[in-house]
Protein chains: 2
Amino acid sequence: MSDVPHILVVDDSLEIRNAVSRYLVKNGMRVTKAENASEMDAELAKSRFDLIVLDVMMPGEDGLSVCRRLSSNGSIPILMLTALGEEMDRIVGLEVGADDYLAKPFNPRELLARIKAIVRRSARPEVFGGTLTGKRIRFGHQMLDTDTRVLVDDEGVEAQLSVSEFKLLTVLLERPRLVLTREQLLDLTAGRTPGLFDRTIDNQISRLRRSVEKDPMRPKLITTVRGEGYCLSAEVEDAS
Amino acid sequence: MSDVPHILVVDDSLEIRNAVSRYLVKNGMRVTKAENASEMDAELAKSRFDLIVLDVMMPGEDGLSVCRRLSSNGSIPILMLTALGEEMDRIVGLEVGADDYLAKPFNPRELLARIKAIVRRSARPEVFGGTLTGKRIRFGHQMLDTDTRVLVDDEGVEAQLSVSEFKLLTVLLERPRLVLTREQLLDLTAGRTPGLFDRTIDNQISRLRRSVEKDPMRPKLITTVRGEGYCLSAEVEDAS
DNA sequence: GACGCCACGTTACAAGCCGTTACAAAGCCG
DNA sequence: CGGCTTTGTAACGGCTTGTAACGTGGCGTC
């Protein structure tokens, strides 16, 4: 997620696509347009979006179906748009996984306000847009070069991180002060779900601490939250 | 956030409070009611909520003001409720920091759907240390570093707190001079409700006092209020 | 003032969580 | 194919934490 929200507008009506797009762009957002569900899928594959404005009535796969499909796996917020102002439609829309629902005709300012409310809410407290690639990151008393995977502390001592140590560290750096469960960490670092007695993350944390912590016996940066997970407790800043 | 969402309903009309409350409870949520802004504040101090349903028109501090106040610092989602269905009111509500807006009279099912949508969306990993994250807090004759969970007294003696000691202490530090029952403390620290003869909190207080009190036999900071609960009696200030 | 009840403090203990070490499998590079 | 590093799994031991049990002191009653 970058600094300006990136919105994907999906509607079969050219007129509405353009009107919505123009208004959002004018108010400082980045907008991409799609005419139907398959175009939308193509766009989703190409870039990252902060929110989808989705028309319910469309030729081909309709909005409800799209919504069900996306909200089941993904986590992209959806604002549904429709000509039908009926209460039942609104409710079904929300129950199907949309984050908000607006009936046409709508006031563009209300659309903007609702988009902002959702984006504000789902804005992750990440410092960086999910990618630290090519940056140099300061945290605690050291700096990480994300290109070379080299860690340099304030005294100039360097340490080379292994691939998995580096991956784990970046995942933590992207979410400072957030408690992450082992399951989340394993998912984020390796894309897999833990077995029943999986101690993989414990071990990786232990290895990472050897490189990152001044005193690995008394970890200050990567703290354990018993019964929940681990947490990077330090300021993180871009020092590129 | 525990397994069932905890909703705070703020409305000056008894009728609406009860109706909303009944419907939400029936649908598997936990509900607490407040009649006005100050009652709301009292409830907010006492337990943890996943969402606030907030009436705009209230005697005393009105909904918009409350909303501005809460959304500036906190991160509790707010759903605004109002008799005025005017577009401008909706927009102002959203722009003031509400997450959603619903006009009375409303369909309870839609209210539920919107609440679920917001709660679903804002379910995110826990920020460690609550509102005290990353700060250093002075109280009594000592200072707590919320990053490292280390307690330093005026003579420079350090003590490492365990996770549960730390959580209990931060909960108390966020509410100085307020008497909290064991039930509230257990809810705030562990997100669970006490069993019939649950002495967990007594024990944790006892352990915490060993680290915090100069003379653990005669506690001055964490005082016992017989028959009610515990209370942190000291000035608390941010010393970051 | 003595007694008993009850709330609370403390200790003891057991279960479970977590850190670490050791080892084996898998990858990497020549 | 062989040595090296990296990474997952297993095992041991220490520490944290909830539960139970016992002791103690306050408060009301007589």
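Chain A has the name DNA-binding response regulator in an unreviewed UniProt entry, where Pelagivirga sediminicola is given as its organism.

Engineer: Explanation requested: the interface of chain B and chain A in the structure shown.
Structural biologist: When the parts of a complex come together, some accessible area is lost, and that lost area is often taken as the interface size. With 36 residues of chain B in contact, the opposing surface of chain A contributes 39 residues. When the two sides are added together, the surface that chain B and chain A hide from each other amounts to roughly 3,400 Å², 46% of it contributed by carbon and sulfur. Where R109(B) meets E95(A), a salt bridge forms, and the shortest distance between an N and an O atom there is 3.1 Å. Linking chain B with chain A are 17 residue pairs in polar contact (both at pLDDT 80 or more), by the criterion used here. Elements represented by at least two residues in the side of chain B that touches chain A include exactly α4 (87-95), β5 (100-103), α5 (108-122) and α6 (163-173) of chain B.

Engineer: When you look at the pairing of strand β7 (residues 142-145) of chain B in this model, what are you seeing that I'm missing?
Structural biologist: Consecutive residues of a regular strand have side chains that alternate between opposite faces of the sheet. All names here are of chain B. A two-sided burial pattern is seen for β7, the buried positions comprising Q142 and L144 on one face and M143 and D145 on the other. Bridge analysis of strand β6 (residues 136-139) against β7 gives four bridges, and the strand direction is antiparallel. Counted as the bridge partner of F139 is Q142 from β7. Between β6 and β7, which pair antiparallel and follow one another directly, the connecting turn spans two residues, one of which, G140, has a positive phi of 55 degrees. Bridging between β7 and strand β8 (residues 150-153) involves four bridges; their strand directions are antiparallel. Counterpart to D145 in the pairing with β8 is V150. What sits between the antiparallel neighbours β7 and β8 is a turn of four residues, in which R149 has the positive phi angle 65 degrees.

Engineer: Which parts of the structure should I look at to understand the environment of P219(A)?
Structural biologist: Residues and elements named next belong to chain A. Tracing the chain through its elements places P219 in the loop between α8 (200-212) and β10 (222-225). Residue P219 is classed as partly exposed on the basis of its relative accessible area, which comes to 24%. It is 9.8 Å that separates the C-alpha atoms of P219 and S206, two residues lying 13 residues apart in sequence. When residues no more than four places from it in sequence are discounted, the contact partners of P219 are R209 and E213.

Engineer: I'm lost on the packing of helix α1 (residues 14-26) of chain A against helix α5 (residues 108-122) of chain A in this one. Help?
Structural biologist: Axis angle and axis distance: for two packed helices, these are the angle between their axes and the distance between the axes, and together they describe the pair. Residue and element names in this part refer to chain A. Following both chains from N to C, one finds α1 and α5 inclined at 60 degrees, their axes separated by 10 Å at the closest point. Here α5 runs oblique to α1, going by the angle between their axes. The handedness of the crossing between α1 and α5 is right-handed. Residues V20, Y23 and L24 of α1 lie in contact with α5, whose contacting residues are P108, R109, L111, L112 and I115. Within the contact of α1 with α5, the residues separate by chemical class into seven nonpolar, no polar and one charged.

Engineer: Could you clarify how one ought to interpret the protein's contact with DNA strand C in this entry?
Structural biologist: Taken together, 30 residues lie around DNA strand C, and R209(A), T224(A), Y230(A), R209(B) and Y230(B) are the ones closest in. Counted by atom, the contact set of DNA strand C within 4 Å of the protein is 47% sugar and phosphate. Between a base nitrogen of DNA strand C and a side-chain N or O atom of R199(A), the distance comes to 2.6 Å. In the model, a base oxygen of DNA strand C is placed 3.2 Å from a nitrogen or oxygen of the N203(A) side chain. Across the surface near DNA strand C, the residue classes tally to eight nonpolar, eight polar and 14 charged.

Engineer: Would you mind going over the sheet that holds strand β5 (residues 100-103) of chain A with me for this structure?
Structural biologist: Backbone-to-backbone hydrogen bonds join strands into a sheet, with any given pair of strands oriented parallel or antiparallel. Residue and element names in this part refer to chain A. Pairing is parallel across the open sheet formed by five strands, whose spatial order is β2-β1-β3-β4-β5. The open sheet has two edge strands with one neighbour each: β2 (30-34) and β5. Neighbour to neighbour, the strand axes of the sheet diverge by 20 degrees on average, direction disregarded. Where strand β1 (residues 6-10) meets β2, five bridges bridge the pair, whose relative direction is parallel. Among the inter-strand pairings, L8 is bridged to a residue of β2, identified as T32. On top of the sheet, α1 reaches β1 and β2; it is set at about 170 degrees to β2, its chief contact. Against the sheet, helix α2 (residues 37-46) makes contact with β1, β2 and β3 (51-55), and its axis sits at roughly 140 degrees relative to β2, the strand it touches most.

Engineer: Help me out: how do you make sense of the sheet that holds strand β7 (residues 142-145) of chain A in this one?
Structural biologist: Residue and element names in this part refer to chain A. One open sheet holds the five strands; their spatial order is β9-β8-β7-β6-β12, and the pairing between them is antiparallel. At either margin of the open sheet sits one strand with a lone partner, and together these are β9 (158-160) and β12 (236-238). For this sheet the average axis-to-axis angle between neighbouring strands, irrespective of direction, equals 25 degrees. Where helix α6 (residues 163-173) meets the sheet, it contacts β6 (136-139), β7, β8 (150-153), β9 and β12, and its direction lies at approximately 115 degrees from that of β7.

Engineer: Hey, could you run me through the domain arrangement of chain A in this one?
Structural biologist: Looking at chain A, the domain boundaries give domain 1 (6-123) and domain 2 (136-238). Each of domain 1 of chain A and domain 2 of chain A was reduced to a C-alpha centroid, and the two centroids are 36 Å apart.

Engineer: Looking at this structure, how should I read unusual backbone geometry?
Structural biologist: Most of the time, phi is negative for any residue but glycine, and the peptide bond is trans. Residue P105(B) is reached from K104(B) by a cis peptide bond, and omega for that bond is 0 degrees. Mapping P105(B) onto the fold places it in the loop between β5 and α5. Positive phi is not limited to glycine here, since R149(A) has a value of about 60 degrees. For R149(A), the location among the structural elements is in the loop between β7 and β8. R149(A) sits in the partly exposed class, given a relative accessible area of 27%.

Engineer: I keep staring at the pattern of salt bridges and nothing clicks. Help me out?
Structural biologist: Oppositely charged side chains are able to pair whenever their charged atoms sit close together. A complete count under the given rule lists 34 salt bridges over all chains for this structure. Between D41(B) and R69(B) there is a salt bridge, with its nearest N and O atoms 3.2 Å apart. With a gap of 28 residues between them, D41(B) in helix α2 (residues 37-46) and R69(B) in helix α3 (residues 63-73) connect regions that are remote in the sequence. D41(B) sits in the partly exposed class, given a relative accessible area of 28%. When the shortest N-O distance is used, the salt bridge between D198(B) and R192(B) registers 3.9 Å. Overall, D198(B) belongs to the partly exposed group, its relative accessible area being 21%. Salt bridges linked by common partners bring D100(A), E110(A), R114(A), D100(B), E110(B) and R114(B) together as one network.

Cut-off values and rules
Residues numbered from 1 in each chain as written. Chains lettered and ligands numbered in written order. Predicted model: local features only at pLDDT ≥ 70, side-chain atom pairs only at ≥ 80, totals over all residues. Heavy atoms only, no water. Contact = heavy atoms within 4.5 Å. Buried area = accessible area lost by both parts, 1.4 Å probe. Salt bridge = Lys/Arg side-chain N within 4 Å of Asp/Glu carboxyl O. Polar contact = N/O pair within 3.5 Å; in protein donor to acceptor, adjacent residues only side chain to side chain. Helix = DSSP H or I, 4+ residues; strand = E, 2+ residues; numbered from the N terminus. Buried < 20%, exposed > 50% of the residue type's maximum accessible area, 1.4 Å probe, protein only. Pairing = 2+ DSSP bridges. Axes fitted to C-alpha atoms, helices over the stretch in contact; angles between N-to-C directions. Parallel < 35°, antiparallel > 145°, perpendicular 65-115°, else oblique. Left-handed = near helix turned anticlockwise from the far one by under 90°. Nonpolar A, V, L, I, M, F, W, Y, C, P; charged D, E, K, R; others polar. Near = heavy atom within 4 Å. Domains from an automatic or database assignment.

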